[in-house]
Every structure is written in C-alpha cells, then in structure tokens.
Protein chains: 2
Amino acid sequence: MKEHIVISKATIDRLPLYFRTLRTLQEEGAEIISSEELGRRIGVTPEQIRKDLSSFGEFGKKGVGYYVRELMRNVGEILGLHRNWNIAIVGLGHLGSALANYRNFVSLGFNIKAIFDVDREKVGQHIQDVEVYSLSRLTEIIPAKNIHIGVITVPAQFAQQVADKLVAAGVRGIWNFAPVKLNVPEHIRLISEDLSVGLTSISYYLSRQLIDED
Amino acid sequence: MKEHIVISKATIDRLPLYFRTLRTLQEEGAEIISSEELGRRIGVTPEQIRKDLSSFGEFGKKGVGYYVRELMRNVGEILGLHRNWNIAIVGLGHLGSALANYRNFVSLGFNIKAIFDVDREKVGQHIQDVEVYSLSRLTEIIPAKNIHIGVITVPAQFAQQVADKLVAAGVRGIWNFAPVKLNVPEHIRLISEDLSVGLTSISYYLSRQLIDED
C-alpha cells in the first residue's frame, strides 16, 4: 500500500521550482544547501522552506542544511518524474517547433510521441524523430500512442476545440500556451502558461530602480 | 516625492500572477472577486491573498471582495506596466520567432525594438515591423534604441557571451530562455525561464491520480 502524503496546494505549486533549483544546484556541484540560500533562490522565506520541506519528510540536518541530491530525488519522486510521460504537441508554429526541439523535457522523463498540425506541408515531416500527423488523426493517435499530456500551441481561436478533442481522446493533462481561458472537465489537469509573467517581473524591478534614482 | 512601498520578495514574485489573474477576470467580465476565489486561482491561501494585498493599500470591501479593475490597475502600476519598456530579442530561432510574434507583450507596454541574429539570411528581415540586425551591431543598436530589457533565445553555449554584451551595451534587465545559469552584475535584473516547470506540475497531479486508482 502506498503512503498518501498530504501537501498544501501552495506547497505543491512551489515543488517544480524546488526541483528546478535543486537541479541547478546539483549542476553547480553543491552538496548541501541552507534553507536561507534555498529560500533566496526560490523567492520565499527560510521559514517557508522549512515548513514546505517538513511536510514530506526529513531531508535536512539541523545547523547544516539540506542534502541537495537526496532532496532532489525525493522531490522528483513526489512530482512523478521517475515515471515516463508521453506528450503530444498540437500546433507546429514557432512555439510548437521550439518546444518540439527543447531537449530538457527528455531528461525529465517527458517523451514527445506525436505532433499535430493542419498544414499539409508539415504533415509527414519529422522533428527530432517525432512524426507530424494531420490534426484529423488526433482521436486515433492519442490512445494508440498512450499519450498522457497534450500541449496546445495553436492560435487562440482554435485552442478550445483542440482541448475538447484532446480530452475526448483520453489525455489527462493539458499544457496550454494559447492566450485564452480553456474549459476542461475537473479530472483534467490544466496548466496555462503566460509568457509575459517573466517580463512583468523584470518591469517591477526596473521601475523600482528608476524611482530610487529620482 | 514618491512614496516607497515595502513589499516582501515572496509577495513581489506573486505580483505578476496577480496581474495576469486579474486581467483574465476582467476579460471574463468579473467586477468583484473574493479572496477565496482569487487564492484558488493563484494557488495560495485566502489569508495569504489578504496579507499580500494589504501590504500595498486597501482595495477590498470587507465581506464583499476586491474590485477587479481597481486592483488590476494598482498592481499594474506597482509592476511598472504603466511605463513603456523597450526590449530586444537576441536569437531568432523557433523560440525567438515565437516571442517576436507574441502579441500579448505590446498590450502590457513592452515594445520589441530590435531583433539580433548571426544568420546573414535573417539579417535585414522584418518580423512584425521590427528589423533583424546582425549580432555584431548589438553594442551600437541597444543604446541607440534605448533598449531596457534583453531577451536571450540563443543556444546555451552562447548565452553567457550574449548576456555580457547586453550588459556592456546598457540593458537593465535580462530575460533568459537558454537552459544555463548566467552570471550578471548585481544591478541587472535577471529572470531565467524554465519551460519544464509547467509540465512538471502536470506530472505531479497525474501521479496522484494514478496512485489514487491503485
């Protein structure tokens, strides 16, 4: 019987940032990290770090810090990164092409198994060994290739109908890049990206600098 | 004399999410939002919402909620979105092209003023009226066009040298998409995107579903 770990929604939302930060730390050769430094990198207080991490076990040594590799492995397991997830990209425009060529996904256990587009010129091509199929074959290919997650990179006006097709074909998660709010059933995990969040954060800091110089 | 608002780093990191969520709410026609609903959408507790928002003024009405439009305008001002920021994209591959074509930036006050690439075929082209310059002209063009923020979408192995050039040319902020840790001086605001964070979050929820069905 597996143990159920109860973690708050806010902590869960921070877990991918923990994982990413720990991976960077490991690449930098760090073996131990203090809650102060981890907090600084993630952007929360050291108290929050200690609270978050205590909710899924003891990975720290008092007065020393957290063991980077051990903590990363555990956070990775909680995030389900020890499994393999099959994903499909719908829409082979600029962003779809960028994602299809993004190597980092593979190292995290995400395998791109199919790409869909409506453009006949693109259908039949291969991007990094992955075939581009006609969108009309989505309902057939998604179950055939056991695809768990659909990535939507089509123009906004087509995003909802693509989401409906993906759900009907059996995906469990949708990662949406179209700048539109999608409606999906409750059992579907939907994450919508907004690429302007990063720029907005930079804008905040630059505004402060300008004020400080006034 | 301008008033300095003291806001914690963790709250600041959530501000772009507040802004994005409020903008979506406004597009949906919502006039008032409760801290419970806002918290659910952003992924933090209602207590955290009330604490965050109280740190920069009174935008709520007890027992009713927050006024969406008023709160959005105020968060936007704190984020510096009432100014115009000039940005340059370095690297016109798939991702650079996707960003150069992304309309949402303009509506937030971010104006793409220049694009740089090393490919002679691309230099001289225009993407949505923005000229593509040779990377060798970066040092000249950045100050000439008063560019505040540089966006790095070059391959990882070239990202640090592009960052160095951008800093020397006078940008104040860098938005990095290359999967590598960059070193920049302290006065530069650096935001590094990791496109796998969204997928990782979906992975977490799908793992839970699978366990629940075991």
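Going by what an unreviewed UniProt entry lists, chain A is known as Redox-sensing transcriptional repressor Rex and is assigned to Lucifera butyrica. Turning to chain A, the UniProt record has this under Subunit (unreviewed entry): "Homodimer." What UniProt records for chain A under Subcellular location (unreviewed entry) is the sentence "Cytoplasm".

A. Representation of unusual backbone geometry. Look at A:Asp129: it is not a glycine, yet its phi comes out positive at around 75 degrees. As for its position among the elements, A:Asp129 is in the loop between β6 (126–127) and β7 (130–134). Owing to a relative accessible area of 75%, A:Asp129 belongs among the exposed residues under this scheme. Its identity is not glycine, yet B:Gln128 carries a phi of approximately 50 degrees, on the positive side. Within the fold, B:Gln128 resides in the loop between β6 (126–127) and β7 (130–134). A relative accessible area of 44% places B:Gln128 in the partly exposed class.

B. Focus on the UniProt feature "binding site: NAD(+)" (unreviewed entry) in chain A. When the UniProt feature table is mapped onto this chain numbering, "binding site: NAD(+)" (unreviewed entry) sits at A:Gly91, A:Leu92, A:Gly93, A:His94, A:Leu95 and A:Gly96. Looking at where A:Leu95 falls in the secondary structure, it is placed in helix α5 (residues 94–100). By relative accessible area, which is 16% here, A:Leu95 ends up buried. What A:Leu95 contacts, discounting residues up to four positions off in sequence, is A:Thr153, A:Phe177, B:Leu95 and B:Ala98. Among the structural elements, A:Gly96 can be located in helix α5. Beyond its immediate chain neighbours, meaning those up to four positions away, A:Gly96 contacts A:Ile89, A:Gly91 and A:Thr153.

C. Structural context of the packing of helix α1 (residues 9–27) of chain A against helix α4 (residues 68–78) of chain A. Residue and element names in this part refer to chain A. Their axes nearest at 9 Å, the elements α1 and α4 cross at an angle of 145 degrees. Of the two elements, α1 crosses α4, and the hand of that crossing is left-handed. Residues Leu15, Tyr18, Phe19, Leu22, Arg23, Leu25 and Gln26 of α1 lie in contact with α4, whose contacting residues are Val68, Arg69, Leu71, Met72, Val75, Gly76 and Ile78. The residue inventory of the contact of α1 with α4, partitioned by class, reads 10 nonpolar, two polar and two charged.

D. Structural view of the sheet that holds strand β3 (residues 65–67) of chain A. All names here are of chain A. Ordered by their spatial adjacency, three strands build an open sheet running β1-β3-β2, and the pairing between neighbours is antiparallel. Either end of the sheet is taken by a strand with one partner, and the two such strands are β1 (32–33) and β2 (60–61). Across two bridges, β2 lies against β3 in antiparallel orientation. Within β3, the position partnered with Gly60 by the bridge is Tyr66. Together, β1 and β3 form the strand contacts of α4, whose direction differs from that of β3 by roughly 65 degrees.

E. Structural view of the packing of aromatic side chains. By the definition in use, this model includes 10 aromatic pairs over all chains. A ring pair is formed by A:Tyr204 and A:Tyr205, whose centres lie 5.2 Å apart and whose planes are at 90 degrees; its orientation type is edge-to-face. Given a relative accessible area of 18%, A:Tyr205 falls into the buried group. The ring centre of B:Tyr205 lies 3.6 Å from the NZ or CZ of A:Arg189, which sits over that ring.

F. Up close: the relation of the copies chain B and chain A. Take chain B, turn it by 180 degrees, move it 0.0 Å along the axis, and it overlays chain A with an RMSD of 0.0 Å. The transformation relating the two chain copies, once decomposed into turn and shift, fits a two-fold axis. Distance from the rotation axis, computed per C-alpha, reaches its smallest value in chain B at B:His94: 2.4 Å. When you check the interface residues of chain B against chain A, 100% turn up at the interface there too, and the contact is symmetric in its surfaces.

G. Expanded view of the interface of chain B and chain A. With 71 residues of chain B in contact, the opposing surface of chain A contributes 71 residues. Between chain B and chain A the total buried area reaches about 6500 Å² when both faces are included, carbon and sulfur atoms providing 64% of it. The three residues of chain B that bury the most area against chain A are B:Leu195, B:Leu199 and B:Tyr204, which together make up 10% of that side's buried surface. Across the chain B-chain A interface, the total number found is three salt bridges.

H. Representation of the domain arrangement of chain A. Its domain assignment divides chain A into domain 1 (9–78) and domain 2 (85–196). One C-alpha centre belongs to domain 1 of chain A, the other to domain 2 of chain A; they are set 31 Å apart.

I. Inspection of the pattern of salt bridges at higher detail. Here the structure, examined in full by the defined rule, presents 17 salt bridges over all chains. Where A:Arg137 meets A:Glu140, a salt bridge forms, and the shortest distance between an N and an O atom there is 2.7 Å. A:Arg137 sits in the partly exposed class, given a relative accessible area of 34%. Among the ionic pairs, B:Arg41 bridges to B:Glu37, the shortest N-O distance being 3.0 Å. Here B:Arg41 pairs with B:Glu37, and both are found in helix α2 (residues 35–42), just four residues apart, close to one helical turn. Residue classification places B:Arg41 among the partly exposed positions, given a relative accessible area of 28%. What makes B:Glu37 partly exposed here is its relative accessible area of 24%. Taken together, the shared-partner salt bridges connect A:Glu28, A:Glu37, A:Arg40, A:Arg41 and B:Lys181 into one network.

The rules behind these values
- Residues numbered from 1 in each chain as written.
- Chains lettered and ligands numbered in written order.
- Predicted model: local features only at pLDDT ≥ 70, side-chain atom pairs only at ≥ 80, totals over all residues.
- Heavy atoms only, no water.
- UniProt positions renumbered as here; feature names shortened; annotations may be inferred.
- Helix = DSSP H or I, 4+ residues; strand = E, 2+ residues; numbered from the N terminus.
- Buried < 20%, exposed > 50% of the residue type's maximum accessible area, 1.4 Å probe, protein only.
- Contact = heavy atoms within 4.5 Å.
- Axes fitted to C-alpha atoms, helices over the stretch in contact; angles between N-to-C directions.
- Left-handed = near helix turned anticlockwise from the far one by under 90°.
- Nonpolar A, V, L, I, M, F, W, Y, C, P; charged D, E, K, R; others polar.
- Pairing = 2+ DSSP bridges.
- Phe/Tyr/Trp six-rings, centres within 6.5 Å; stacked < 30°, edge-to-face > 60°.
- Lys NZ or Arg CZ within 6 Å of the ring centre and 35° of its normal.
- Least-squares fit on C-alpha atoms with pLDDT ≥ 70 in both.
- Buried area = accessible area lost by both parts, 1.4 Å probe.
- Salt bridge = Lys/Arg side-chain N within 4 Å of Asp/Glu carboxyl O.
- Domains from an automatic or database assignment.

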